[in-house]
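Here are the chains, one letter per residue:
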Amino acid sequence: MSRVGILALGPAGVGKSTFCNSIISHMQSIGRRAHIVNLDPAAEATEYEFTIDIRDLISLQDVMEEMDLGPNGGLIYCFEFLLNNLDWLDEEIGDYNDEYLIFDCPGQIELYTHVPVLPTIVKHLQQSLNFNLCATYLLEAPFIVDNSKFFSGALSAMSAMILLELPHINILSKIDLIKDEYSKKQLKKFLNPDPLLLSNEDEEFNPKFSRLNKLIANLVDDFGMVQFLPLDCAKESTTISTILSYIDDVTQWSESQEPKEPAAEELDEEDVDYD
Ligand SMILES: Nc1nc2c(ncn2[C@@H]2O[C@H](COP(=O)(O)OP(=O)(O)OP(=O)(O)O)[C@@H](O)[C@H]2O)c(=O)[nH]1
């Protein structure tokens, strides 16, 4: 028995739920099966139903009302509650053997950049539930149009990678919103960044920051995580299939172990009414 889990991580509103839905829809279209696990106690409804939903255990709204906590304190409370009730997660996941589960995580990145909540859940999934996990970290392409924002985003992604210790894929979301030529040029540079080129550009503006950028560029490069994959949910089949094949690779998922569902085209053909 083996299970694959994808963690969808990244700041609020970056497109995590949309990405989870795109993966599910792409997998369904090629006859593969996956389920979404909602780990956000403040989540709103999405197009696809959550198979497992933390809100069945605890919801942020209830916590805020009953414990008189604000949204951030409430969220930490929800996760402490989950950590004290991990047998709930075990029971929910128990039936999903040889399955592909996609964990839609909250956008409060402190949960996986410095609070040890998600790392504890990750260890539990690996050690007690036999998961091969892969983290995907999304950053919004339109926000990453100059070097300082790119480095700032890359460092937050790296912080999650260091804390979670998982195979890690960085994704630039909302590529379709990049329209002007300057941003397109910048984006091209960030999709395949050369640390030396990136760090030399700011010299004329502020030498101190230029030095800092050079150091960070080398650090980011040393960690081998400067590679970002572009994601345009509007053209989901090409970008999502590339991302999925990376995830299959790092989690050593073999399609032969996966329960099959009929591909969308097969379903369409079966459903055709020839009269
Ligand atoms: N144009 C464009 N919009 C997108 C894309 N992906 C997501 N969005 C929009 O961005 C908004 C936020 O998307 P979500 O998927 O809810 O983002 P999230 O990261 O799950 O949000 P939180 O759970 O609140 O952190 C929605 O209005 C989406 O329709 C994309 O690739 N292109």
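Residues numbered from 1 in each chain as written. Predicted model: local features only at pLDDT ≥ 70, side-chain atom pairs only at ≥ 80, totals over all residues.

By the naming in an unreviewed UniProt entry, the protein is GPN-loop GTPase 3, taken from Suhomyces tanzawaensis NRRL Y-17324. Taken verbatim from the UniProt record of the protein, the Subunit (unreviewed entry) comment is "Binds to RNA polymerase II (RNAPII)." The heading Sequence similarities (unreviewed entry) in the UniProt record of the protein holds the text "Belongs to the GPN-loop GTPase family." (UniProt positions renumbered as here; feature names shortened; annotations may be inferred.)

Kindly report on the sheet that holds strand β1 (residues 3-9), identifying the contributing residues and their values.
In space, the seven strands of this open sheet follow the order β3-β2-β4-β1-β5-β6-β7, with parallel pairing throughout. With partners counted over all chains shown, the strands left at the sheet margins are β3 (52-53) and β7 (228-230), one partner each. As judged from the five bridges shared by β1 and strand β4 (residues 100-104), these two strands associate in the parallel manner. If you follow G5 over to β4, its bridge partner there is L101. Here helix α7 (residues 147-164) sits on the sheet and contacts β1, β5 (131-140) and β6 (168-173); the angle it forms with β5, its principal contact strand, is near 165°. (Pairing = 2+ DSSP bridges. Helix = DSSP H or I, 4+ residues; strand = E, 2+ residues; numbered from the N terminus. Contact = placed C-beta atoms within 7 Å. Axes fitted to C-alpha atoms, helices over the stretch in contact; angles between N-to-C directions.)

Before we move on, could you go through the nonpolar core and cite the residues and values that matter?
Core analysis: the biggest nonpolar cluster contains 66 residues, and A8, I102, F103, A135 and A160 have the highest contact counts within it. Of all the elements, α7 adds the most residues to this core, at eight residues. Those residues in contact with A160 that sit more than four places away from it in its chain are L9, I109, Y112, T113, A135 and Y137. (Core = buried A, V, L, I, M, F, W, Y, C linked by C-beta atoms within 7 Å. Buried ≥ 20, exposed ≤ 12 C-beta atoms within 10 Å, placed from the backbone.)

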